[in-house]
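Listed below, chain by chain, are the residues.
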Amino acid sequence: MAPTLYRGSRPGAEGRARDWAEIQERMLVPLYETVYDRLEVGTGTRLLGLGCGSGLALLLAAARGAAVTGCESDAHRLALARRRFRPEPGWGRRARPAPGTSLLAGFPGGSPPTAAGGGGGGDGGGPDGHDGFDVVTAFDPAEPAAELRPALAAVVAGARRGSAVVLAGWGPPERCSASRVLRVAERLAEPRGPASFGYGMRLSGRDDLEDLAREAGLRPDGSGRVACPFGYPDLDSAVRGLLSTGLFDAAVAATDQQQVDKEIAEALHPYRRADGSVRMENVFRYVVARV
C-alpha cells in the first residue's frame, strides 16, 4: 500500500476530510470498480454520485469517459474533490475530466440536480439538454438511511425510466472485521442514546438496501457483494482513517477524543501484523435498482 501523504495528528473537520481523502476513501475502490463494470460505465454515461466524498469514485468514472456530477454535504470533502478535478500540484497526474463534470454542495432537496456542465470541478451549471442521469450512486456506507431517503426521492422524481440507482452498505457483521471496531463507537456513544450511532441505521441489515430502494419508488434489479479489505501501513493511520468516516463523532461527543483514540487502537489489536500494519477483511453489499 502507498504511504499516506501526511503523518501526524490532524484536529478538526478539515483534517478529518484530508484523512478521508488520503487514507480511508481508497478502501472502497473494489466496490466502485465492480459497480462500474457491472453497469458498463463509460463514454456517454451520465453519472450522479450522492455523497461523493472527496471525489475518488467520480475520478474513476471520469477516467472511463463518463460525465460526472457529485453532491456532497461536507464542505471540506467537497473542497478536496474540486481540487482533485483541477490540475494542481500535489495530487498527481490524472486523466482530464470529461465535459459535464460538476460538483455541488449538499444533497438534492426539493428538486434533483440536472445533468449539467460544470467545466471540470465547477459549482454546477445549467441543463445541457439531457433528461436525467443514466447511473446514480450512493456508495458511502456511513451515510444514514434517514439522510439518503429525501435525496433519493428527489433524484427519482426527475430520473428517466430505466435509470440505474446503486445503493451500498455494510455486509453481514460476521463478514466485516470492521464491525467489531465500530462497536466501540456504539458503546461509547450509549450515554446519548442507542440511536446516536445506529449501526443498523447505516444499511447493514439483510434487506435494508432493498427496503430503502422500494421506499424511494425504485425496483430492485440485482445485488452483489464485494470484498473491501481495510489496510493501513500502521496503527496511527488506521485510527485516523476510521475516525475520518464520521462514525465515531457521537462517541467523541459523549466521551473525549483521547478515550476514543485509545479504545479504537485497542480494538484494532487483533488485526495488527508483525510489520506493524493493520488489515481488516470486510465485505460490502450493493443493490442495483431501476426507476
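Being a predicted model, the structure only gives us computed values, none of them experimental. (Residues numbered from 1 in each chain as written. Predicted model: local features only at pLDDT ≥ 70, side-chain atom pairs only at ≥ 80, totals over all residues. Heavy atoms only, no water.)

Describing the overall build of the protein
In step 1: Along the protein, the regular secondary structure elements total 10 helices and nine strands.
In step 2: Per-residue burial for the protein yields a buried fraction of 54% across its 291 residues.
In step 3: In the protein, once contacts between residues fewer than 6 apart in sequence are set aside, the share between residues at least 24 apart is 74%.
In step 4: Carbon and sulfur atoms make up 50% of the accessible area of the protein, which totals about 12700 Å². (Helix = DSSP H or I, 4+ residues; strand = E, 2+ residues; numbered from the N terminus. Buried < 20%, exposed > 50% of the residue type's maximum accessible area, 1.4 Å probe, protein only. Contact = heavy atoms within 4.5 Å. Areas by Shrake-Rupley, 256 points an atom, 1.4 Å probe, with all protein chains shown as cover.)

Some details on the confidence of the model for the protein
In step 1: With 78% of its residues at a pLDDT of 70 or more, the protein shows a mean pLDDT of 83.
In step 2: Contacts for the low-pLDDT stretch residues 1-10, under 50 throughout, to residues beyond four places or in other chains number 24 contacts.
In step 3: Here residues 193-201 is a poorly scored stretch, pLDDT under 50, and it has 16 contacts once near neighbours within four places are set aside; other chains count. (pLDDT = per-residue confidence, 0-100.)

A closer look at the packing of helix α8 (residues 235-243) against helix α10 (residues 257-267)
In step 1: Interhelical geometry of α8 versus α10 gives an angle of 120° and a closest axis separation of 10 Å. In terms of orientation, α8 and α10 fall into the oblique class. Viewed along their axes, α8 and α10 form a crossing whose handedness is right-handed. Residues Leu235, Val239, Leu242 and Leu243 of α8 form the contact with α10, whose participating residues are Gln257, Val260, Asp261, Ile264 and Ala265. (Axes fitted to C-alpha atoms, helices over the stretch in contact; angles between N-to-C directions. Parallel < 35°, antiparallel > 145°, perpendicular 65-115°, else oblique. Left-handed = near helix turned anticlockwise from the far one by under 90°.)

Topic: the packing of helix α1 (residues 12-24) against α8
In step 1: Two numbers describe how α1 lies on α8: the axes approach to 8 Å, and their chain directions differ by 115°. In this structure, α1 meets α8 at a crossing whose hand is left-handed. From α1, Arg16, Asp19, Ile23 and Gln24 reach across to α8, where they touch Ser237, Arg240, Gly241, Leu242 and Leu243.
In step 2: In the contact of α1 with α8, the residues fall into three nonpolar, three polar and three charged. (Nonpolar A, V, L, I, M, F, W, Y, C, P; charged D, E, K, R; others polar.)

Side note on helix α3 (residues 56-63)
In step 1: Extensive coverage of α3 is indicated by the burial of seven of its eight residues.
In step 2: Regarding α3, the residues found buried are Leu56, Ala57, Leu58, Leu59, Leu60, Ala61 and Ala62.
In step 3: Looking at the packing, one finds that the buried side of α3 touches α2 (29-39), β1 (46-50), β2 (67-72), α4 (75-84) and β3 (102-105).

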